[in-house]
Amino acid sequence: MSAPWKIVITGCGTSHGNPPWGWPQHWSEDPRDHRRRSGALLLGPAGETILIDTGPDLMHQMRDPFKTWDGVSYPADCITRCDGVLITHDHADHSHGLNELRHLNRLMKGREIPVYAHPGHLNEVMRMYPYCFEDPTKAYKMATPALRATELEDSRTVTIGGAPITSFAMSHGPYGRVTGLRCGDLAYCTDCKHIPEASVDYLQGLEVLVLNMLREQEHVSHFNWAEASAVIERLAPKHTVLVHMGHEVRYADWEQRLPAGVTMAVDGYTSTFSIEGPTWP
Ligand SMILES: [Zn+2]
Ligand SMILES: [Zn+2]
């Protein structure tokens, strides 16, 4: 069995980030409720580094992935390598930090970074950020990112940084499709409102399920707690980590009510997983 990989939840907040400013009644002084926008890292034993999503907080996530930095000294845990980027969908809170990848290009001496997404999301990201996908040799002294667009095909396994990644379709409610990801015994499901029956196959036998859970109250495009807990009950992963939470979800209240095997993420939350598991052709 190969050495374990790690997943780091670099941001577990919903699209606004939280807590929100301007509403003192919604503020929280608990640092566990201070959440960056959505994102994660898959880290391999030999330094392999895969990014999931490039939200608007990407620079902070790369500089201080575990949220352990004192804000003054050199951030020794910063990310300096990237073998590939997986984009779950083109919403702003998942893609509008794309430009920040240019510093990773610079740290890798100009090496281009492959960006993987479903064709529809990839087209939208390339429409919004065309300059990031120009011929990398034209990138002016690393002023712009050097990215290579790569389409993900549903139900196929691609290898990134030595890790097998399988993508599948999930529903984001009225926003259409969002891509779910499977890697070994880990699955990453964000911004999901409904898991189609055809995708349930990719979510069997999980050690770790990362799952979006916005709040108690129902929402048009994200799982609330009732929906998330029904998914957890059905899929029965060994461990579930809740992400993409709204400001209404306060850590101190929720940690007491969650069942065994379900954890709320905080920014920097880390869990191990194995890249050995089912793959698809
Ligand atoms: Zn989102
Ligand atoms: Zn979204």
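Scroll up for the structure.
Residues numbered from 1 in each chain as written. Chains lettered and ligands numbered in written order. Predicted model: local features only at pLDDT ≥ 70, side-chain atom pairs only at ≥ 80, totals over all residues. Heavy atoms only, no water.

Some details on the coordination of the zinc ion (ligand 1)
Basically, it comes down to this: Donor selection uses N, O and S atoms within 2.8 Å of the metal (3.2 Å for Na, K and Ca). Since no water is included, sites may look incomplete. The rule is simple: four donors are tetrahedral if all their angles sit between 85 and 135 degrees, four are square planar and six octahedral if opposite donors span more than 155 degrees and the others lie between 65 and 115, and anything that fits none of that is irregular. Exposed residues in this analysis have more than 50% of their type's maximum accessible area, buried residues have under 20%, and partly exposed residues fall in between, with area computed by a 1.4 Å probe over protein chains only.
Coordination of the zinc ion (ligand 1) by the protein comes from Asp93 (OD), His94 (NE2), Asp191 (OD) and His244 (NE2), over a distance range of 2.1 to 2.2 Å. Taken together, the four donor atoms coordinating the zinc ion (ligand 1) span angles of 92 to 161° at the metal, a pattern that classifies the geometry as irregular. Between consecutive donor residues of the zinc ion (ligand 1), the sequence gaps follow D-H-x96-D-x52-H. A separation of 3.6 Å is found between the zinc ion (ligand 1) and the zinc ion (ligand 2), both of which receive a donor from Asp191. The class for Asp93 is buried, based on a relative accessible area of 6%. For His94, a relative accessible area of 0% puts it in the buried group.

Side note on helix H5 (residues 225-235)
The condition that has to hold: Put simply, DSSP marks the helices as runs of H or I at least four residues long and the strands as runs of E at least two long, and each gets a number from the N terminus on. Each direction from the helix axis to a C-beta atom contributes to the arc, which is the arc of those directions. It only takes one pair of heavy atoms within 4.5 Å for two residues to be counted as in contact. Distance and chemistry together define a polar contact, namely a pair of N or O atoms within 3.5 Å, with one atom able to donate a hydrogen and the other to accept it when in protein, and with adjacent residues in sequence counting only for side-chain atoms on both sides.
Turning to H5, its buried residues are Trp225, Ala228, Val231, Ile232 and Leu235. Along the long axis of H5, the arc covered by the buried residues comes to 125°, so they all point the same way. Turned more than 90 degrees away from the buried face of H5, the exposed residues are Glu233 and Arg234. Buried-residue contacts for H5 involve strand E11 (208-212), strand E12 (239-243), helix H6 (251-257) and strand E13 (262-264). Among the residues of H5, the N-terminal cap falls to Asn224, whose side-chain oxygen and the backbone nitrogen of Ala226 are separated by 3.4 Å. One or two positions beyond H5, positive phi appears at Ala236, with a value near 50°.

What about the sheet that holds strand E4 (residues 84-86)?
Put simply, the test is: In this scheme, strands are said to pair when DSSP sees at least two bridges between them. Helix axes are fitted only over the stretch in contact, all axes being lines through C-alpha atoms; the angle between N-to-C directions runs from 0 to 180 degrees.
Pairing is mixed across the open sheet formed by seven strands, whose spatial order is E6-E5-E4-E3-E2-E1-E14. Looking at which strands have only one partner, the edges of the open sheet turn out to be strand E6 (147-151) and strand E14 (269-273). Each adjacent strand pair in this sheet contributes to an overall mean axis angle of 25°, direction not counted. Judged from the five bridges that link them, strand E1 (residues 5-11) and E14 form a sheet pairing that is antiparallel.

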